[in-house]
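So the chains spell out like this:
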Amino acid sequence: MSTEQARSARTKGEPLLSVENLRTSFYTDKEVIRAVDGISFDIFRGETVGIVGESGSGKSVTARSIMRLVENPGRIENGRIMYDGEDLLDKSPKQMRSIRGGSIAMVFQDPLTSLNPVYTVGNQIKEALRLHRGLSGSKATKEAIELLEAVGIPDAHRRVREYPHQFSGGMRQRAVIAMALACDPELLICDEPTTALDVTIQAQILELLEELQEERDLGIMFITHDMGVIAEIADRVNVMYAGEIIESAPVVELFESPKHPYTQGLLNSIPGQGLDENERLATIEGDVPTPNEDPTYCRFAPRCPKAFAECDTVHPEPVEVGDDAGQHHVSCLLYPEDLPTEEAVAVHREGGQRGGDTR
Amino acid sequence: MSTTSTEEERTTTARGETILEVNDLKTYYEDGGLLGSNPVKAVDGVSFDIQRGETLGLVGESGCGKSTLGRTLMRLEEATAGEVKLNGTDITTLSGSDLKQFRKDVQMVFQDPDSSLNERMTVGEIVREPLDVHDWKTPSERRERVRELLETVGLQEQHYYRYPHQFSGGQRQRIGIARALALEPEFIILDEPVSALDVSVQAKILNLLEDLQSEFGLTYLFIAHDLAVVRHICDRVAVMYLGNMMEIGPADELFDEPANPYTHALLSSIPEPDPTVERDRITLRGTRRRAVRSRPAVR
């Protein structure tokens, strides 16, 4: 979990999951909405990668695309999702079913809707064990009890026979995590797993995830809109805005020196950060736009306090910033900082021509 | 808020302007059993007061009774025992025209802007409804007032004929606030008004609430579970746990030196937006004690 550890994991070895230039669009009568528009990131073993952004920025669609759970009218149009040397987008639905819940598991926001109310919690864990590991009968029950104990549910022998409604919110989320762990996944995708919980329960769940990660060397993709949670759990953070990753950095670096004007605005709008008590909160003007056309401009420009003319005509490409080589990337025409604006814009213009569709 | 507001607070206290006084308030939900009832004690003997012009924060985990307390102060729930004095009159026993007058003075803004606005009414109708109900002046003056209110909360006049679904979450919450302001209340109960919003939108609504407070001299009871928000906006904070008030005090004092161990644990579990902070967390083990059986949806 520690950043050094994650960094050493980064320098050696292949990433566990590598998303390249992913684009997922939704086809409505009126328009094509590019919910996820050309994003790339890696997740390494034992590392927690955070994805933050406001509602509608495409965080959840990213998770669903990785799991291939995008439903009509949504389509994954472009890109690759490399896992274990293979592209998940080339898998058949049957192959995907064995990966889902097998080596990649997902925890959703609302624990009540991800549990079936008419089966006992034990039954639902056993279902996963039967499908993915071929366990059944008393063996499966024993394994289910062990899993519930592993996620810190007291009195697991009794609890395994109870129904979801008999569990409290925090306990339900633990049960969902136990289910996700049933098949010893390598990658855990958590989509706002603590948003519906109280802070005290949230603290327990975050602690649990950290422990499990250390024990099992899990790669975790953690989606949230809560900057506090991200600061606590993530090793690396990707900031999403209108379907694009606009900044990506190790967690400490991101909070200490955010580069993109949007990230800066987002961090400044959190109450209670050494702000003088009578000072007003900083706000970002306007609303998150719907990404419905080609990214030929900066989607944040209309709300950006630092926008200039080129922001409307040149699409910003990720450029390296900061001292730490290859760790911190930002997509903004203001960077690289050491170049005069015109040259910096030229860098982005050229970068835009190199990239292209692969699918 | 630290020094200035404590001074402000002192001056208001010196003027003796207590707007709301709550004494040993209890709200129980009966379980309807025939033999020996075992009520859910959602609010169980709470006493506090609120000074004119201040913002009192009310925090606690879900199910601690904070929303029930807010609803009881609004007379949306009947109090089982105790009294609530608004400007010196006990409102728990009001009826008829007195109750109607009281409803003008106290308003509420709800958590979920999706479910607290009628989807079939236009924004103008929604904001005008309280004026219609209370037969406020003439219809044309009402329409004028609604336009004024929309502008006050940062919406535009042409939004009058639109429907709630055409608005974003932050804008819907502005509509809810405009509706609450319509009858010029003195006291507004804000029940988790920003919990459903993104941080950047949340910041705008918090700023708006602060502006309105200084413009109209409003008094707020701010119910929330986000403690950073509470610390930002509130002068004093009260902490509730299982229907009881554990601690009440000036926001900074309470956050810096919590006296009650529960408050301490609650505060230590807030994730801070700073990855370098060394955490000294007290994780509360287990879930809350079941002090009450079969709790109904206490919201």
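All of these numbers come straight from a predicted model, not from anything done at the bench.

Engineer: I tried to follow the overall build of chain B on my own but got confused; where do I start?
Structural biologist: Scanning chain B from N- to C-terminus turns up 10 helices and 10 strands. Contacts spanning at least 24 positions in sequence make up 67% of the contacts within chain B whose residues lie at least 6 apart.

Engineer: Is there a simple way to explain the interface of chain B and chain A in this structure?
Structural biologist: The parts lose accessible area when they come together, and the size of an interface is often stated as this lost area. Of the residues lining the interface, 32 residues belong to chain B; the matching set on chain A comes to 38 residues. Breaking the side of chain B that touches chain A down by element, the ones donating at least two residues are α1 (2-15), α7 (199-216), α8 (227-233) and α10 (261-268) of chain B. Counting residues per element, the side of chain B that touches chain A draws most heavily on α7 of chain B, which supplies six residues. Within the side of chain B that touches chain A, the residues separate by chemical class into 13 nonpolar, 12 polar and seven charged.

Engineer: Sorry, what's going on with the packing of helix α4 (residues 123-133) of chain B against helix α5 (residues 139-152) of chain B here?
Structural biologist: For any two helices packed against each other, the geometry comes down to the angle between their axes and how far apart the axes lie. Residues and elements named next belong to chain B. One way to put it is that α4 packs onto α5 with a least axis distance of 9 Å and a crossing angle of 125 degrees. Put simply, α4 runs oblique to α5. Considering how the two elements wind past one another, α4 and α5 form a crossing that is right-handed. The segment α4 lies against α5, with G124, V127, R128, L131 and D132 engaging R142, R145, V146, L149 and L150. A per-class count over the contact of α4 with α5 returns five nonpolar, one polar and four charged.

Engineer: Where do I start with the sheet that holds strand β5 (residues 89-90) of chain B in this structure?
Structural biologist: Pairing between sheet strands relies on hydrogen bonds along the backbone, with the strands arranged either parallel or antiparallel. Residues and elements named next belong to chain B. Strands sit in the order β2-β1-β4-β5 across an open sheet of four strands; the sheet is antiparallel. Of all the strands in the sheet, the pair left with one neighbour each is β2 (40-51) and β5. Pairing analysis gives two bridges linking strand β4 (residues 81-86) to β5, with the strands arranged antiparallel. Across the sheet, L86 pairs through a bridge with T89, a residue of β5.

Engineer: Help me understand the confidence of the model for chain A, please; the structure alone is not making it clear to me.
Structural biologist: Low-pLDDT portions of the prediction should not be read for the details of their coordinates. Within chain A, residue pLDDT values average 86, and 92% of them lie at 70 or more. For chain A, per-element mean pLDDT is lowest for helix α1 (residues 3-11) of chain A, which scores 51, and highest for strand β3 (residues 48-52) of chain A, which scores 95.

Engineer: Looking at this model, I keep getting lost on α4 of chain B. Mind explaining?
Structural biologist: One full turn of an α-helix is made of 3.6 residues, so residues set three or four places apart face in the same direction. Residue and element names in this part refer to chain B. Along α4, the residues that are buried comprise V123, G124, I126, V127, R128 and L131. Tucked into the core, α4 has its buried residues touching α5 and α6 (169-181). Trailing α4 by a residue or two, D135 shows a phi angle of about 55 degrees, which is positive.

Engineer: What exactly am I supposed to notice about the sheet that holds strand β5 (residues 86-87) of chain A here?
Structural biologist: Residues and elements named next belong to chain A. Pairing in this open sheet of four strands is antiparallel, and the strands run β2-β1-β4-β5 from one edge to the other. The strands lining the two open edges of the sheet, one partner per strand, are β2 (32-43) and β5. One ladder, built from eight bridges, connects strand β1 (residues 17-27) with strand β4 (residues 74-83); its direction is antiparallel. From the neighbouring strand, V19 faces β4, where its bridge partner is I81. Each of β1, β2 and β4 is contacted by helix α2 (residues 59-66), which is oriented at about 70 degrees to β2, the strand it contacts most.

Engineer: Would you mind going over the confidence of the model for chain B with me for this structure?
Structural biologist: Residue and element names in this part refer to chain B. For chain B, the mean per-residue pLDDT works out to 84, and 85% of the residues sit at or above 70. Mean pLDDT per element in chain B: α1 is the minimum at 46, and strand β7 (residues 187-191) is the maximum at 94. Low pLDDT (under 50) marks residues 1-15, which in the prediction has 18 contacts with non-local residues, meaning those over four places away or in another chain. Long-range and interchain partners of residues 289-299, a stretch whose pLDDT sits below 50, account for 15 contacts in this model, where long-range means more than four residues apart. What the predictor reports for the complex is a pTM of 0.82 with an ipTM of 0.75.

Engineer: I tried to follow the UniProt feature "domain: ABC transporter" (unreviewed entry) in chain A on my own but got confused; where do I start?
Structural biologist: Look at the UniProt record and you will see "domain: ABC transporter" (unreviewed entry) annotated at residues 17-267 of chain A. Between the end C-alpha atoms of residues 17-267 of chain A there is a gap of 28 Å, over a span that is 39% helix and 27% strand.

Engineer: When you look at the packing of helix α5 (residues 137-150) of chain A against helix α7 (residues 169-181) of chain A in this model, what are you seeing that I'm missing?
Structural biologist: Residue and element names in this part refer to chain A. It is at 9 Å that the axes of α5 and α7 come closest, and there the two elements cross at 125 degrees. As summarised for this structure, α5 and α7 are arranged oblique, according to the angle between their axes. Remark: the crossing between α5 and α7 carries right-handed chirality. In this structure, α5 uses L147, L148 and A150 to contact α7, whose residues at the interface are A175, A178 and L181. Residues that form the contact of α5 with α7 fall into these classes: six nonpolar, no polar and no charged.

Conventions and cut-offs
Residues numbered from 1 in each chain as written. Chains lettered and ligands numbered in written order. Predicted model: local features only at pLDDT ≥ 70, side-chain atom pairs only at ≥ 80, totals over all residues. Helix = DSSP H or I, 4+ residues; strand = E, 2+ residues; numbered from the N terminus. Contact = placed C-beta atoms within 7 Å. Nonpolar A, V, L, I, M, F, W, Y, C, P; charged D, E, K, R; others polar. Axes fitted to C-alpha atoms, helices over the stretch in contact; angles between N-to-C directions. Parallel < 35°, antiparallel > 145°, perpendicular 65-115°, else oblique. Left-handed = near helix turned anticlockwise from the far one by under 90°. Pairing = 2+ DSSP bridges. pLDDT = per-residue confidence, 0-100. Buried ≥ 20, exposed ≤ 12 C-beta atoms within 10 Å, placed from the backbone. UniProt positions renumbered as here; feature names shortened; annotations may be inferred.

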